[in-house]
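# Structure assessment
Chain residues, written in single-letter form:
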Amino acid sequence: MAEYKLTTPLTDEDMVQLKAGDVVFLTGTIHSARDAAHKKLFDLLDAGKELPFELEGSAIYYVGPSPAPPGRPIGSAGPTTSYRMDTYAPRLHSLGMKASIGKGKRSDEVKDAMKEYKGVYFGATGGAGALLSNSIVESTVIAFEELGPEAVRAMKVKDFPLLVINDCHGGELYVKPKLDSVG
């Protein structure tokens, strides 16, 4: 397992070097979107309209952050369960998205799209939203403000800590819980 520092926008070259289990510290702009925002993004795509951000080389973070406390750009920003976006992810990968960030497993269709379009799935530590928010240095709502915490945000991150769960080679990190027998 290796450690990488990457900057958005992400490239095919960035993606092919990554293997499941690698640690990535991501810097640059990422975008937040959960299921309600994904539905609205797809409505725009289906209507032939522009998206509020460039998909090519993008990383989408499945997060609905809490309100920002005084002096901070964002509140707690922990990952949302990713499978809720699985119906959307393959198409977004085909349009240039390079990475998604969340928690939990992905469907076979998403994993196939990552292989075909050289994308990865990063895991962010669930339950550590306050800690993760320390790597978000700026956050601006750019679309669907009516969705509140689920609005699309452009978030500038510095050394945002991630773990490669699924790589573009078909590798998958799955840690099976060890159950000790009680006797």
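Residues numbered from 1 in each chain as written. Predicted model: local features only at pLDDT ≥ 70, side-chain atom pairs only at ≥ 80, totals over all residues. Heavy atoms only, no water.

Per an unreviewed UniProt entry, the protein chain carries the name Fumarate hydratase and comes from Pseudodesulfovibrio nedwellii. Regarding the protein chain, the relevant UniProt record gives this comment under Sequence similarities (unreviewed entry): "Belongs to the class-I fumarase family." (UniProt positions renumbered as here; feature names shortened; annotations may be inferred.)

### Focus: the packing of aromatic side chains
Evaluated as defined, the whole model comprises 2 aromatic pairs. Relative to tyrosine 88, the ring of phenylalanine 42 has its centre 4.9 Å away and its plane inclined at 75 degrees; by these criteria the two rings are edge-to-face. Taken together, the residues span a long stretch of sequence, with phenylalanine 42 in helix H2 (residues 35–46) and tyrosine 88 in the loop between strand E3 (59–61) and helix H3 (89–94) at a distance of 46 residues. Assigned by exposure class, phenylalanine 42 and tyrosine 88 land together as buried. The interplanar angle of 70 degrees and the centroid separation of 5.3 Å between the aromatic rings of tyrosine 61 and phenylalanine 160 together place this pair among those described as edge-to-face. Residue tyrosine 61 is found in strand E3, and its partner phenylalanine 160 is found in strand E7 (residues 152–166); the two are separated by 99 residues along the sequence. For the pair formed by tyrosine 61 and phenylalanine 160, the shared burial category is buried. The aromatic ring of phenylalanine 42 is capped on one face by arginine 91, whose charged end is 4.9 Å from the ring centroid. Over the ring of tyrosine 121 we find arginine 106, and its NZ or CZ is 4.9 Å from the ring centre. (Phe/Tyr/Trp six-rings, centres within 6.5 Å; stacked < 30°, edge-to-face > 60°. Helix = DSSP H or I, 4+ residues; strand = E, 2+ residues; numbered from the N terminus. Buried < 20%, exposed > 50% of the residue type's maximum accessible area, 1.4 Å probe, protein only. Lys NZ or Arg CZ within 6 Å of the ring centre and 35° of its normal.)

### Quick word on the pairing of E7
One ladder, built from 9 bridges, connects strand E2 (residues 23–32) with E7; its direction is antiparallel. Bridge pairing links serine 32 to arginine 153 in E7. Relative to E7, strand E6 (residues 136–143) runs antiparallel, the two being bridged by 6 bridges. Note that in E7 the partner of threonine 140 across the bridge is alanine 154. (Pairing = 2+ DSSP bridges.)

### A closer look at the side chain of serine 100
In this structure, serine 100 sits in strand E4 (residues 99–102). Looking at serine 100, its side chain comes within polar contact range of the side chain of arginine 106, at 2.9 Å. Ignoring sequence-local partners within four residues, the contact set of serine 100 consists of Ile60, Tyr62, Arg106, Val120, Tyr121 and Phe122. (Polar contact = N/O pair within 3.5 Å; in protein donor to acceptor, adjacent residues only side chain to side chain. Contact = heavy atoms within 4.5 Å.)

### Quick notes on the pairing of E4
Taking every second residue as pointing to the same face, both faces of E4 are buried, with Ala99 and Ile101 on one and Ser100 and Gly102 on the other. Judged from the 3 bridges that link them, E3 and E4 form a sheet pairing that is parallel. In the strand pairing of E4, tyrosine 61 is matched with isoleucine 101. Handedness of the crossover joining E3 and E4 through H3: right-handed. Across 4 bridges, the pairing between E4 and strand E5 (residues 120–123) is parallel. The residue of E5 that forms the bridge with isoleucine 101 is phenylalanine 122. (Right-handed = clockwise from strand over helix to strand, strands pointing away.)

### With respect to the nonpolar core
Leu18, Leu26, Ile30, Tyr61, Ile101, Phe122 and Phe160 are the most contacted members of the largest nonpolar core, which has 25 residues in total. Those elements that place two or more of their residues in this core are E2, E3, E4, E5 and E7. Ranked by residues supplied to this core, first place goes to E7 with 5 residues. Beyond its immediate chain neighbours, meaning those up to four positions away, leucine 26 contacts Leu6, Thr7, Thr8, Leu10, Ala59, Ile101, Val157, Lys158, Asp159, Phe160 and Leu162. The next biggest cluster of nonpolar side chains, apart from the first, holds 22 residues, and it includes Leu41, Leu55, Tyr62 and Met114. (Core = buried A, V, L, I, M, F, W, Y, C linked by side-chain atoms within 4.5 Å.)

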